[in-house]
Structure formats: C-alpha cells, structure tokens
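If you want the building blocks of each chain, they are given just below.
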Amino acid sequence: MERSVRCSSSSFLPSPVSCSTKFPREFRGQKGINFLRILAAKSTPENTSQAVQKGSKKDLSRILRTEAAVKAIEKKANSSKYSNLWPKVVLEALHDAIRENRWESALKIFNLLRKQHWYQPKCRTYARLLAMLGNCRQPNQASLLFEMLRSDGLRPTVDVYTALASAYGLSGLIDEALDIIHDMNSTSDCKPDVFTYSILIKCCMKFQRHEMIDQMLAEMSYLGIRCSNVTYNTIIDGYGKANLFEKMENSLLEMIGSGESLPDIFTLNSVVGAYGNGGNIEKMEKWFDEFQLMGIKPDVMTFNILIKSYGRAMMYEKMGQVVDYMRKRFYMPTIVTYNIIIETFGKAGNIYKMEEFFLEMKHRGMKPNSITYCTLISAYSRVGVVEKVDSIMRQVENSDVLLDTAFFNCTINAYGHAGDMEKMVELFSEMKVKQCRPDNITFATMIKAFNAKGMFEAANDLQRKMLPDNNSAGTKLSRIIA
C-alpha cells in the first residue's frame, strides 16, 4: 500500500513538500534492492566523515576568502576611486574595525562606505561608531561624526545622543556630556531615557564627580524616568569604590524600597566587595547574610571577593572555610580564584601552601596565566629563592602563555633584586621579541638595580635612552654587561 509522508516546511521553503515512500517502477525487484545497497554504501560512516571534512574545508575556504576580502577593503579605504564594492565585505570590514576598537580604520572604511552607490545612511551605524569612539576616548572625532550624521540628512535618535554624550563622558568631559543631554531635552524630539542617565552616572562615578549624582537623579525624577537595576547598581558600585559607605547603603535601601528594581547578584558583589576592600570584615559578613535572606545566592565572583578580603585581613582560617564551602557545594573555582589564593599565601611567605594550590590548579586542568607566574616569581624573589624563579621561567618558555609588560617588570625586578644583571638585561631585550613595550616601571626597576650594583654608567645610559629608543638601549646595555 502506498503511503505519503508530509515533510515539515521551513521558513525558507515556499510551500510544503510531499515525500512518497513508494519506489519508482524501474527500481522495483532486484534493481530496487541494488539501488538500496548503493544508497547504504554512500551513507557509511567513512563516506559521511569524508563529506563532513569536505564541508569543513569549504567553510574554511569561504572564511579565508572573506577575511582576505575584508583586509583588501581596509587597504582600499585610503583610496577614493572605489564606489561599487561588494556590500557584504565592506560592512563586515566596518564591523570588525568597530568590534576591535580600531577607530582610525573604522572611520576610513566608513568614508569608503559613504561613497558606495548603494549606501543608505542609518542612525544605527552612526551610534555604533560613536560608541566605539567613546571607548577609544576620541570625543573630537565623535563631534565631527555627529556633524556628518546631520549632513547625511538624518535626525539623531536617543541612541545617537547617548553614544555622543558617552564619548565625552568617558573622556572625563562630564560638563560637555551634560550639555549634550540638555540640548537634547530642549531642541530634540527624542528625550533621554534611563540608559542615557545610567551611562552619565557611570562616567561621573569613574571620574569621582560624586556631587553630580544627586543632580542627575533629580533630573530623572523631574522627567518621570525611574531608576533601573543598572542605574542603582552603577550608583552603589561607584559609592562603594569611593569608600562612601553611607551613601552606598542609602542607595541600596532606596533600591530595596522602590519595589521595582530589586537587588541582584551584581548588587551583592558590589556591596560585599566594597566593605571587603575597605577592610570592614564585620560589615561585609553582615551584608552577605542579608543578601542570603533576600534570596540572592552568591556566585564564584562573590567567593573570590570573600577569599581576597579574608586574605588581606590575614584571616587565613576563614579564607580556608570559604574554599572548603566552595568544594562542598560544587562551586567550580576559576583561574581568578587560584590566583587570589596563590597571591595571598605568597605575600604571607607561606611558600608551601602557595605551591600546594598551584599544583592543585594544574591538576584540575587549569592553565596558569601571566598573572599566576608573576605572583609566583614575586613570592620566590621576596624570600630569596632565585633557583625557583629559574624553574618558573623554564615553565613559561615551554608554555603558550601570553606574556605582557607586567610579567617582564616582575621578572626583571626579581633578577635585579638577586643581582643577576646579565639575566635582567636579557629579559629586557626579549621584550621586543614578545612585542611588549617597556614602561616607566621597567626603566625605574633596571636603573635601581644598576645603581645598587655600582653600575652607574649603565644606569645613566638607560636613563638617557628611556622612551625614545628602547632597542638601542638594550643593545648598549648588553655590551656594558659583557
């Protein structure tokens, strides 16, 4: 008996498709059996695997072609003769530049985009560019881009005004950012929303303009804008980091009393972290319990805060209790957790416990990062065990860990403190190989080490060569040491 099966239709099919289970006449009998054998042979695991590999290669090839096209677009952005480029590649090149905060490339690609015959100006694109310029601390460029938006005949949206104000606010130009919002209120059809004010409040907190917070909250109340969770959390976190604990608690109580924007895990971590960093362990524990009663459960970040706070207060027994609690309740420690514990025991001079947790971290399959190695080297240097520093350096050489300037500063300081000038200069020269630019801490550390060894010529030479030419400084120092 012939049966017909209705296949489910998807959004990109114009109509449902009927699939019949009846074999065509020519495939019945022995031929039909042979046909099934052929189909079965084609669907064996080996053939399926080959098909997947071919598909993967095609996908990879397409990705590589797209990446090459994006790079070509970035090169063409410096030219004015291209006006009929493939839209997908131009837009992807712009997206990549914005995502990576390469503001100069992004603006060049955007200018190229505006020259295309298919270009249609959109406020959304301008808002993304303005937000990027804010992250890159480029308020002047943001202002020019805003004028370009107007010249394209667009009417700025709330997102555009918010991004522009953020570009000024994140650069510390709080008054200019407020002027933009006031202009928005008086001349624009669109009005600021809670997100706009939350961004401005965050900028004020960052640059310690705490006197502006009450003014902004008053403006929000006048405009009928209610604080959201993000707004309250921004205020609480800002006051906490500034050690303005009374204002922080008042804001927290106001948040609880609002009945709409209730505290969450971010609120918990901000309050507990503020008291922990301030060394007020009693208050930290009190509010930790209060949040538990509110039904807000801690996360790994909360436990990291508790461990760090107890460690700073040298309350190692309580720190161990937190670690045990995490194990019993199946909270998985992160690399941050282990780095905090290793740093705590390292600063306390408890090398045995420090190494114990370092080994535990590796046994759990966690790869140490540059912070881990930096902490270990500092601890070994502090107790004068230079051979352990050599051991750590060999581990670093055999790993794929990304090294940064802070790591080199730490290691240079360790060898300088031990009086090994040759190794110190060797590391200084290696910074260029690893593309880590020396900073003032690097130079100050080396100059101090040279002066301590009576190598005043090397110290003076390094001081003269500080920032203009790091490479020649390293070469000259190598000669002096040799």
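Residues numbered from 1 in each chain as written. Predicted model: local features only at pLDDT ≥ 70, side-chain atom pairs only at ≥ 80, totals over all residues. Heavy atoms only, no water.

- An unreviewed UniProt entry annotates the protein as Pentacotripeptide-repeat region of PRORP domain-containing protein of Cuscuta campestris.

1. What to know about the UniProt feature "repeat: PPR" (unreviewed entry) in the protein
Line of reasoning, step 1. The positions that UniProt labels "repeat: PPR" (unreviewed entry) are, in the present scheme, residues 193-227, 228-262, 264-298, 299-333, 334-368, 369-403 and 404-438.
Line of reasoning, step 2. Secondary structure over residues 334-368 splits into 74% helix and 0% strand, and the C-alpha atoms at its two ends are 11 Å apart.
Line of reasoning, step 3. Along residues 404-438 one finds 77% helix and 0% strand; the C-alpha atoms at either end are 10 Å apart. (UniProt positions renumbered as here; feature names shortened; annotations may be inferred. Helix = DSSP H or I, 4+ residues; strand = E, 2+ residues; numbered from the N terminus.)

2. With respect to the environment of Phe245
Line of reasoning, step 1. Tracing the chain through its elements places Phe245 in helix α12 (residues 245-258).
Line of reasoning, step 2. Between the alpha carbons of Phe245 and Tyr275 there is a distance of 8.0 Å; along the sequence they are 30 residues apart.
Line of reasoning, step 3. Apart from the residues lying within four places of it in its own chain, the contact partners of Phe245 are Gly240, Ala274, Tyr275 and Gly278. (Contact = heavy atoms within 4.5 Å.)

3. Some words on the layout of surface pockets
Line of reasoning, step 1. Taken as a whole, the largest pocket encloses approximately 710 Å³ of empty space.
Line of reasoning, step 2. Listed by contribution, the elements that provide at least two residues to the lining of the largest pocket are α9 (194-206), α11 (229-241), α13 (265-277), α15 (300-312) and α17 (335-347).
Line of reasoning, step 3. A per-element tally of the lining of the largest pocket places α13 first, with seven residues.
Line of reasoning, step 4. In the lining of the largest pocket, the residues fall into ten nonpolar, 13 polar and seven charged.
Line of reasoning, step 5. One number sums up the size of the second largest pocket: a volume of about 310 Å³.
Line of reasoning, step 6. Along the walls of the second largest pocket sit Leu91, Leu94, His95, Leu113, Trp118, Tyr119, Gln120, Lys122, Arg124, Thr125 and Arg128, which together make up its complete lining. (1 Å grid on protein atoms, 1.4 Å probe; cavity = no way out; pocket = protein on both sides within 12 Å on 5 of 7 lines; lining within 4 Å. Points joined across faces, edges and corners; volume = space filled by probe spheres on them. Nonpolar A, V, L, I, M, F, W, Y, C, P; charged D, E, K, R; others polar.)

4. Looking at helix α18 (residues 351-363)
Each turn of an α-helix holds 3.6 residues, which means side chains three or four residues apart point in the same direction.
Line of reasoning, step 1. If you check α18, its first and last C-alpha atoms are 18 Å apart, about what 13 residues at 1.5 Å a residue would give, namely 18 Å.
Line of reasoning, step 2. When α18 is considered as a whole, its buried residues turn out to be Ile351, Met354, Phe357, Phe358, Glu360 and Met361.
Line of reasoning, step 3. Of the surrounding secondary structure, the elements contacted by the buried residues of α18 are α16 (316-328), α17, α19 (370-382) and α20 (386-397).
Line of reasoning, step 4. Backbone geometry just after α18 places Gly365 at a positive phi near 85°. (Expected span 1.5 Å × (residues − 1). Buried < 20%, exposed > 50% of the residue type's maximum accessible area, 1.4 Å probe, protein only.)

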